[in-house]
Amino acid sequence: MRGSSLYSIILPSTYAFSTTTRGSYRVRFSQTSGNLSALKLPDIPNFNNPRPPDDNNDGLLNDDEIGSLVSRAKSVLASDLGVNDPNLLSADFVWVGPGDDRVLSKDDYLAAGKFFDLRAAFPDLDYRAHDFRLDEDDPMTIRLTARTVGTMRGELRLRKEVLPPNGKRMVCPPEAISITFDQTTGKVLKLCSGFTLDRLVGNTKGLCGVKGAAVIAGSPPSEWEIYPPSTVVTRFFGRTVRQVEEPEGFLAPFPETVMIQLAKGVIAADNGASDPDLLAPTFTFCGPIVGPLDKETFVKAFGNFKLKDAFPDLESGFTNFRVDPYDPYRVWVDAKGSGTNTGSFIGKEPTGIRYEGPPEAASFTFDDDGFCTRLTAGAVMDPTQGNTGGLGGAFGIAYAIGAPFPAWAARPFPQILTRLQKQILQPITKIGVDDYLKTKTPQAAISTLPSVGKKFQPEPPAKLPKLSSKINFPKISSPPIESAVSIKEAPPAAASKVNPTTEKSPAVKISLPSINLPKINAADDQKKQAAGEAKQKKAAQIAAVEEKKVAAAEAKKQKLLEIEEAKTRKAEEKRAAEEARKLAQERAAAEQATKRAEVEEARKQMKEQTAAEQAAKRAEAAEAKRLAAAEAKAKREAAAKASKAEQTVKAASPGATISLFSFGQKSTSDEQSTKPAPKTKMAPRGVPTISKWRKNRDGSISGFISG
């Protein structure tokens, strides 16, 4: 699209480019109103291969020039972010880092870089830069991600000490770096570095740059310098947060397009708050200040924000979806939200203030089954943009609408002191709390353009001088063209309190001209025919656009019908599942009642059987006891008789006659055994007698039996 034509529009794309004698524009065609609106683009030179002025050069950012910016950014990285080559930095250069409201000028930045000299402490320092991308709103800004690594083989100089080498390996977390170039000179105007995207990755306690190196050297900075006081107290009394172990392999579970669609699905479900089934049971959320939070806590907390109710026109501005090359299970995305507070937010009444967020980074990590296991958000990449006071996430939104969280819960202690000092000195210095972003950097060259896919609302136009009604086309002789084109430039937007250095390009409105050609002779038939063919081609293009519009509308309608059918089907399935669940519960209750009755009956029978067995056992025991008693009695009686017989024998005098028939039995002679033995008498005839008997040693009796 090079040339000096009055206007040139590419359809059916939503955004196209227009070239006039006054410069280049990015044009947006509204399918609703049919209006054309445009923002002026800056002229972007090719820094590596400068071109001489060319009438056909429209100053648009082509692939070569984008590559030139990326190449320029890599040169800045190769010089350790400009420390080793100050010529890469503009005279108005500023450095912006995290944790403090101060910015460093070129001289201060170079002095600090040479003082700390990370390259001397880590000779093999490698930024591992990737994801080079052009900022959607600033064509002169390149953003990239770094995962810096290095081995400490030299001394590390800090402000108050010099630490010896220890040979430890430093692995920093993902770090956001933004480089803004001067459109004219190609030098760096602004550098934002040190912004951690995920503090649970690496071995530097979530820190980058000099602070991360200090952790590896054994002298980590105080947490009061990094986190808000409330977070420091919570971390002190809470459990130690473990760092995340990244996968060793570099093979993603799904193709890149599928991974990105999974991330978009989680975003569409309010980060999983409206559909928690998308989140894994082990899901965690982690922000720069908050977290890690488990699934239940996150869903409850994020659902309470109700962002769509508080900001009906909320635009998240998601761009640059990409898979992390060092963690293929993770998808990164840039975001730059905006919206007007017309509803209640975190219990605060609506203020009507518009929220303009800074560029932030978010990430979604998935498992092999496609469930989201981790979500990080709120990582600010450039705090100088927006009206959130440099804060991201809910903290930034609350600050922007005039209902900020307490400073002790949102900012580190040094930043609180700096802002308090500015607030106290404001009557003298006339510098507000957020006016620290003001620099002498000529930011007028940096245009702010609407992101593709972001709702664009042109501002009311103001008058500009009309363009010349006669345009000489190069290399083609043509009659003068009378044009009714008028381009009106909008007044510059009011500067944001937080970012007065960034000026939005004027919005212009272009109305399609009516061209009245003068009479032409036969020599111009060929030109006329070519113009007719061009007109037909353009009409065909417009017809194709209309067809695509109709097809898109039909597709959208069909999609809505499918969504409604899916909702109805899901509701029916849910109702059927509920009925089946109730029926299963009733069946289970009946089965349990039957089982309980059977168990009770079996228990009763067992009890009766046990009682009968116990009664039988008692009867048997009683009978056995009786028999044992009788047997014992018989034994006692027999023993008594034997004892008495023995006593009788012992008591009898030697030679006495003993009746064998009454031996061992109770008799009159037994009772009188203790009496002196009477004179022996002869036994009657027929009764046997023993005579001349004697008691042997073994207790036996021997004698003569007669009769």
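Report follows, based on the coordinates.

### A few points about the overall build of the protein chain
Argument step 1. Scanning the protein chain from terminus to terminus reveals 13 helices and 25 strands.
Argument step 2. Residue burial in the protein chain is summarised as follows: out of 707 residues, 35% are buried.
Argument step 3. Within the protein chain, residue pairs in contact and separated by at least 24 positions form 61% of the contacts whose partners lie at least 6 positions apart.
Argument step 4. As displayed, the protein chain offers around 41,900 Å² of accessible surface, 56% of which is attributable to carbon and sulfur atoms.

### Digging into the side chain of Thr148
Argument step 1. With respect to the helices, strands and loops of the structure, Thr148 is situated in the loop between strand S7 (141-146) and strand S8 (149-151).
Argument step 2. What makes Thr148 buried here is its relative accessible area of 6%.
Argument step 3. Residues within four places of Thr148 in sequence aside, it is in contact with Leu125, Asp126, Tyr127, Met170, Val171, Cys172 and Glu175.

### What to know about the environment of Val171
Argument step 1. Mapped onto the elements of the fold, Val171 is located in strand S11 (residues 169-171).
Argument step 2. You can call Val171 partly exposed: its relative accessible area is 28%.
Argument step 3. A C-alpha to C-alpha distance of 7.0 Å links Val171 and Gly150, two positions 21 residues apart in sequence.
Argument step 4. Apart from the residues within four sequence positions on either side, Val171 is in contact with Arg128, Thr148, Val149, Gly202, Asn203 and Thr204.

### Observations regarding helix H9 (residues 393-400)
Argument step 1. Most of H9 sits inside the fold, with six of its eight residues counted as buried.
Argument step 2. Within H9 the residues assigned to the buried category are Ala394, Phe395, Gly396, Ile397, Ala398 and Ala400.
Argument step 3. Residues of H9 that are buried make contact with helix H7 (295-305), helix H8 (307-310), strand S19 (354-356) and helix H10 (407-410).
Argument step 4. Looking one or two residues beyond H9, the residue adopting positive phi is Gly402, at roughly 85 degrees.

### With respect to the sheet that holds strand S14 (residues 279-286)
Argument step 1. The sheet built from six strands is open, its strands ordered S15-S14-S21-S20-S17-S16 with mixed pairing. Strands with a single pairing partner mark the edges of an open sheet, and in this sheet they are strand S15 (293-294) and strand S16 (319-324).
Argument step 2. Strands S14, S15 and strand S21 (372-380) of the sheet are contacted by H7, whose axis makes an angle of about 65 degrees with S14.

### Some thoughts on a nonpolar patch on the surface
Argument step 1. Judged by side-chain polarity, Trp224, Val233, Phe236, Phe237, Phe413 and Leu417 come together as a nonpolar surface patch covering roughly 700 Å² of accessible area.
Argument step 2. Secondary-structure elements contributing two or more residues to the nonpolar patch are helix H5 (229-237) and helix H11 (413-429).
Argument step 3. Top contributing element to the nonpolar patch by residue count: H5, with three residues.
Argument step 4. Among the secondary structure elements, Leu417 is positioned in helix H11.
Argument step 5. Classification of Leu417 as partly exposed rests on a relative accessible area of 44%.

### As for the packing of aromatic side chains
Argument step 1. All chains considered together, the criterion is met by 13 aromatic pairs.
Argument step 2. For the pair Phe305 and Phe345, a centre-to-centre distance of 6.0 Å together with 35 degrees between the ring planes defines the contact as tilted. Of this pair, Phe305 sits in helix H7 while Phe345 sits in the loop between strand S18 (338-340) and S19, and the two are 40 residues apart along the sequence.
Argument step 3. The exposure class assigned to Phe345 is buried, which follows from its relative accessible area of 1%.
Argument step 4. A centroid spacing of 5.8 Å and a plane angle of 70 degrees characterise the contact between Phe311 and Phe345, whose relative ring orientation is edge-to-face. Of this pair, Phe311 sits in the loop between H8 and S16 while Phe345 sits in the loop between S18 and S19, and the two are 34 residues apart along the sequence. In this pair, the class of Phe311 matches that of Phe345, namely buried.
Argument step 5. Through a chain of ring-to-ring contacts, the aromatic side chains of Phe283, Phe285, Phe298, Phe302, Phe305, Phe311, Phe345 and Tyr355 assemble into a single cluster.
Argument step 6. A cation sits over an aromatic face here: Arg157 above Phe115, 4.5 Å from the ring centre.

### Let's talk about the sheet that holds S7
Argument step 1. Across the sheet, six strands lie side by side as S5-S4-S13-S12-S7-S6; this open sheet has mixed pairing. The strands lining the two open edges of the sheet, one partner per strand, are strand S5 (103-105) and strand S6 (130-134). Going across the sheet, the axis of each strand differs from the next one's by a mean of 15 degrees, ignoring polarity.
Argument step 2. Pairing between strand S4 (residues 89-96) and S5: three bridges, direction antiparallel. In the strand pairing of S5, Val94 is matched with Ser105.
Argument step 3. Packed on one face of the sheet, helix H2 (residues 106-116) meets S4, S5 and strand S13 (188-196) and runs near 65 degrees to S4.

### Thoughts on the nonpolar core
Argument step 1. Tyr109, Ile179, Phe181, Val188 and Leu191 are the most contacted members of the largest nonpolar core, which totals 35 residues.
Argument step 2. In terms of residue count, helix H1 (residues 63-78) provides more of this core than any other element does, five residues in total.
Argument step 3. In this view, Val188 contacts Val76, Leu88, Leu89, Ser90, Phe93, Ile179, Thr180 and Phe181; residues no more than four positions away in its chain are not counted.
Argument step 4. The next biggest cluster of nonpolar side chains, apart from the first, holds 18 residues, and it includes Leu279, Phe283, Phe298 and Val333.

Rules used in this analysis
Residues numbered from 1 in each chain as written. Predicted model: local features only at pLDDT ≥ 70, side-chain atom pairs only at ≥ 80, totals over all residues. Heavy atoms only, no water. Helix = DSSP H or I, 4+ residues; strand = E, 2+ residues; numbered from the N terminus. Buried < 20%, exposed > 50% of the residue type's maximum accessible area, 1.4 Å probe, protein only. Contact = heavy atoms within 4.5 Å. Areas by Shrake-Rupley, 256 points an atom, 1.4 Å probe, with all protein chains shown as cover. Pairing = 2+ DSSP bridges. Axes fitted to C-alpha atoms, helices over the stretch in contact; angles between N-to-C directions. Patch = residues over 30% accessible without salt bridge, like charges linked within 9 Å, V, L, I, M, F, W, Y side chains within 5 Å. Salt bridge = Lys/Arg side-chain N within 4 Å of Asp/Glu carboxyl O. Phe/Tyr/Trp six-rings, centres within 6.5 Å; stacked < 30°, edge-to-face > 60°. Lys NZ or Arg CZ within 6 Å of the ring centre and 35° of its normal. Core = buried A, V, L, I, M, F, W, Y, C linked by side-chain atoms within 4.5 Å.

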